[in-house]
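Here is what each chain is made of, one letter per residue.
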Amino acid sequence: MTPIPHDRVRPRAPRRSLVFLAAGVLMMPVLSGCGEEDPAGRPVAEQDIAPAARDLVADGGTLRWAVDAVPETLNTFQADADPATTRIAGAVLPSMYRLDASGRPEINSDYVESAKVVEREPRQVVLYKLNQQAVWSDGREIGAADFAAQWRALSGKDSAYWTARNAGYERIEKIERGDDDLEVRVTFARPYADWKSLFSPLYPKQVMGTPDSFNDGARKKLKVTAGPFALKDIDRKGGAVTLTRNPRWWGRTAKVSTLVLRAVPRTERVEALAEDKVDIAEIDSVQAERIMLASRDKKDAGAAGPLAQGDSAKALRSWAIAHGSDEKAADDEISARKKRRQAIAAYTAQQSALRGFTVRRSLEPAYTQLALNGSDGPLADERVRRAVARAIDREKLAALVLEPLGLPAVPVGSHLALAGQAAYADNSGALGGQDTDEARALLADAGWEPGGPLAPGRKAAGAEGEKEQRTERKNKDSEDSRNSEDSRNSEDESTYIVGQDDKPNDADGNLAQDGKQFKPGGAPGAYAPRGTRAPADAARGPLAKNGKLLTLRFVLPSGPGTESLRAVGARIAAMLERVGIRTEISKVADESYFKDHIANGQYDLALYSWPASAYPATDARPIYAKPVPAADGSLSVEQNYTRVGTDRVDQLFDQAVSTLDEAKTRSLIRKADARIWAAAGSIPLYQRPQLVAARTDLANAGAFGFQTPFYEDMGFLKKGAQGPARPTGT
């Protein structure tokens, strides 16, 4: 998966389960599945696409859709593929599976009649029965030869193919024709739980058949396609990709005759909408506010103040001279007023044009997290990481970003899935919710004590006195610890000690069971050892250890569109300060934010996002894999930029991806997520807002949420057709 460096922007009430907390351990009892509600719940927000029946949508016309840039490649399996690459592929290429509104895979009946595991022993065999009408744009049937060519290109066995990802394809042993040309048999050398992720998209054998056609040919053109649209033209100079109806398409005919993807920088989207350059565009919260203001303000009240009163230049000049200004100053003022009038006129004209648009709102299939770099420094101590996590109020942070947009402010409860997806369960209880006292106790247990510099002008009492006070505190803590030793030793031995994931006797029976016991509002876990004293004055000054202040470097992006992210960072810094943790906020250029800071580990705290995947056993493993030493002595982190991982989490991922029992896979994913929470390398905060400006008469397009778009259903309502109401709750 590709991380999202910065913003451009409910589960049902759960049953509470008993969680026993004591002496730094979290008991995880085995719960019966009988009668339990599905912890995956429903998506927190519905999609907002103005759904309309196809008979209400006009035939023909051009839909112009803003993208960040014309893609450098049309091959989604190359390293520089971007969202525009994916959007084009979705409109012109086959996919065996697509995602529904809950982010779960569903078979794509335009291409496949059925797909299922038909053999498990001695090898897993998946049998695809293809739609007999499915053909490439050159008239050839889609068949086993295309599947086999894609497998060979992505298997990793031929280094001549420059592939960016091949997960799952390396597990395939062979691909062959079934009983007829419409059947494709895929035999796996090793079991693969996420087999539904494969062949989506599927490229023709002309693209995948040779390294040259894969590496270079598919970068600039796709001669053969098989979707509701076909690729007509790529105008790199003009910044547009044009798709037209595919005359050989066998499914529902596309409503619009032409789909144009136009490159528009995010900072220029409002102007592009107002100037009739695009019909639909993803926007940020500031732009959304302006469009919503335009739609509310149906009457043009004009500008307020002196500029709205039609002051003449002559009167203004006379007024300036009469009040002591010289003629040059008066002329300058006249010029400035003229420029302001022009700016106001342009703004008013734009606002008038923007009344033809609406903002469609949902939540992206991605979440923003607080990343804690555990490679060195204070955060190498998991007690400090857990203290950071317990100090922040995730509900308030979600509300800060989402409530002003009219979206549900629900914190994300999983690293590996989002509410509604099959693998989701709120496992945040493995770490615990916001608790200032517990955060202070964890810091005290890690040896961080009040001892920062005094306020300016105050004189220190002397080193000896300071040392004496520390000794007294340590003695008191030691005594408290001894008094609680008996109760610690009497705990049930079948307990999971937070942070000790690599114990060889770690039994599954004591782990999280599908996340059912980790419910919002339940008793929090990851406490400091019982008896650890949390000084009452811990928040009155910074903490120090061995003469060094507890200060964390907080890296944030500085570019346009990241205002909400910086606001969240400032709020987190204030929350941490209450428990004695200082932050040094460093705002860096967007282009260097991820490359030079996150990926290189040059940070203590950072905010960035990960997309959610319907296949977490495959896609999430590199993000949470335990870093290992590389041959050159460096640390190989894959995509685990927090550098926090455990052997046990790796084992759970390996087990999840290798089982063909879907229920067992979900259970293993939830157990892995509970341990990721407990390690406190990253703290999921909120699902990212998805804000899309669209013409008021545009149907079946907007904020899609999880769902794969139906490109053939998008279009403009017929005259007189009534548009649908906004989804409830958004």
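Residues numbered from 1 in each chain as written. Predicted model: local features only at pLDDT ≥ 70, side-chain atom pairs only at ≥ 80, totals over all residues. Heavy atoms only, no water.

**Considering the sheet that holds strand β15 (residues 449-450)**
Next up, step 1: On the basis of which strands lie adjacent, the open sheet formed by three strands has the order β15-β17-β18 and antiparallel pairing. Two strands close off the open sheet at either side, each with one partner strand: β15 and β18 (548-549).
Next up, step 2: Where β15 meets strand β17 (residues 543-545), two bridges bridge the pair, whose relative direction is antiparallel. Following the sheet pairing, P450 is matched in β17 by L543. (Pairing = 2+ DSSP bridges. Helix = DSSP H or I, 4+ residues; strand = E, 2+ residues; numbered from the N terminus.)

**Focus: helix α6 (residues 285-296)**
One full turn of an α-helix is made of 3.6 residues, so residues set three or four places apart face in the same direction.
Next up, step 1: For α6, spanning 12 residues, the distance from its first C-alpha to its last is 16 Å, which sits close to the expected 16 Å at 1.5 Å a residue.
Next up, step 2: Listed as buried for α6 are Q287, A288, R290, I291, M292 and A294.
Next up, step 3: You can read the cap of α6 off the contacts: a side-chain oxygen lies 3.1 Å from the backbone nitrogen of V286, and it is on D284. (Expected span 1.5 Å × (residues − 1). Buried < 20%, exposed > 50% of the residue type's maximum accessible area, 1.4 Å probe, protein only. Polar contact = N/O pair within 3.5 Å; in protein donor to acceptor, adjacent residues only side chain to side chain.)

**A closer look at empty space enclosed by the protein**
Next up, step 1: The computed volume of the second largest cavity comes to approximately 100 Å³.
Next up, step 2: Lining the second largest cavity are Y624, T642, V644, G645, T646, V649, R675, I676, A679, A680, G681 and S682.
Next up, step 3: By residue class, the composition of the lining of the second largest cavity is six nonpolar, five polar and one charged. (1 Å grid on protein atoms, 1.4 Å probe; cavity = no way out; pocket = protein on both sides within 12 Å on 5 of 7 lines; lining within 4 Å. Points joined across faces, edges and corners; volume = space filled by probe spheres on them. Nonpolar A, V, L, I, M, F, W, Y, C, P; charged D, E, K, R; others polar.)

**Observations concerning the packing of helix α9 (residues 382-391) against helix α11 (residues 436-445)**
Next up, step 1: Close contact between α9 and α11 brings their axes to 8 Å; oriented N to C, the two are set at 165°. The pairing of α9 with α11 is recorded here as roughly antiparallel in orientation. Judged by the sense of rotation from one axis to the other, the crossing of α9 with α11 is left-handed. Together, R383, V384, R386, A387, R390 and A391 of α9 and T436, E438, A439, L442, L443 and D445 of α11 make up the contact between the two elements.
Next up, step 2: Tallied by class, residues from the contact of α9 with α11 come to six nonpolar, one polar and five charged. (Axes fitted to C-alpha atoms, helices over the stretch in contact; angles between N-to-C directions. Parallel < 35°, antiparallel > 145°, perpendicular 65-115°, else oblique. Left-handed = near helix turned anticlockwise from the far one by under 90°. Contact = heavy atoms within 4.5 Å.)

**So, unusual backbone geometry**
Next up, step 1: Along the chain, E121 connects to P122 via a cis peptide bond; the corresponding omega equals 0°.
Next up, step 2: Position of P122 among the secondary structure elements: in the loop between β6 (112-119) and β7 (125-130).
Next up, step 3: With an omega of 10°, the peptide bond running from S200 to P201 counts as cis.
Next up, step 4: Looking at the secondary structure, you find P201 in the loop between β9 (183-188) and α3 (205-208).
Next up, step 5: Even without a glycine there, the phi angle at E638 is positive, about 50°.
Next up, step 6: With respect to the secondary-structure elements, E638 resides in the loop between β23 (635-636) and α18 (647-658).

**Describing the packing of aromatic side chains**
Next up, step 1: What the rule picks out here adds up to 19 aromatic pairs.
Next up, step 2: An angle of 85° between the planes, with centres 6.0 Å apart, marks the rings of Y97 and W195 as edge-to-face. One end of the pair, Y97, is in strand β4 (residues 97-99); the other, W195, is in the loop between β9 and α3, and 98 residues separate them in sequence. For the residue pair Y97 and W195, the accessibility class agrees, reading buried in each case.
Next up, step 3: On the numbers, 4.7 Å between centres and 50° between planes, the contact of F147 with F199 is tilted. One end of the pair, F147, is in helix α2 (residues 144-154); the other, F199, is in the loop between β9 and α3, and 52 residues separate them in sequence. An identical accessibility class is assigned to F147 and F199; each is buried.
Next up, step 4: Ring pairing ties together the aromatic residues F77, Y97, Y128, F147, Y169, W195, F199 and Y203, which thus form one cluster. (Phe/Tyr/Trp six-rings, centres within 6.5 Å; stacked < 30°, edge-to-face > 60°.)

**So, the nonpolar core**
Next up, step 1: M96, Y128, F199, L370, I572, L607 and L685 are the most contacted members of the largest nonpolar core, which totals 171 residues.
Next up, step 2: When near neighbours in sequence (up to four residues on either side) are disregarded, L370 contacts V388, I392, F554, I572, L605, A606, L607, G681, S682, I683 and L685. (Core = buried A, V, L, I, M, F, W, Y, C linked by side-chain atoms within 4.5 Å.)

**Focus: the sheet that holds β7**
Next up, step 1: The sheet built from four strands is open, its strands ordered β6-β7-β9-β8 with antiparallel pairing. With one partner strand each, in any of the chains shown, β6 and β8 (172-177) form the two edges of the open sheet. Here the strands of the sheet are splayed against their neighbours by 15° on average, with no regard to which way each runs.
Next up, step 2: Of the strand pairs in this sheet, β6 and β7 are connected by six bridges, and their pairing is antiparallel. In the strand pairing of β7, V112 is matched with L130.

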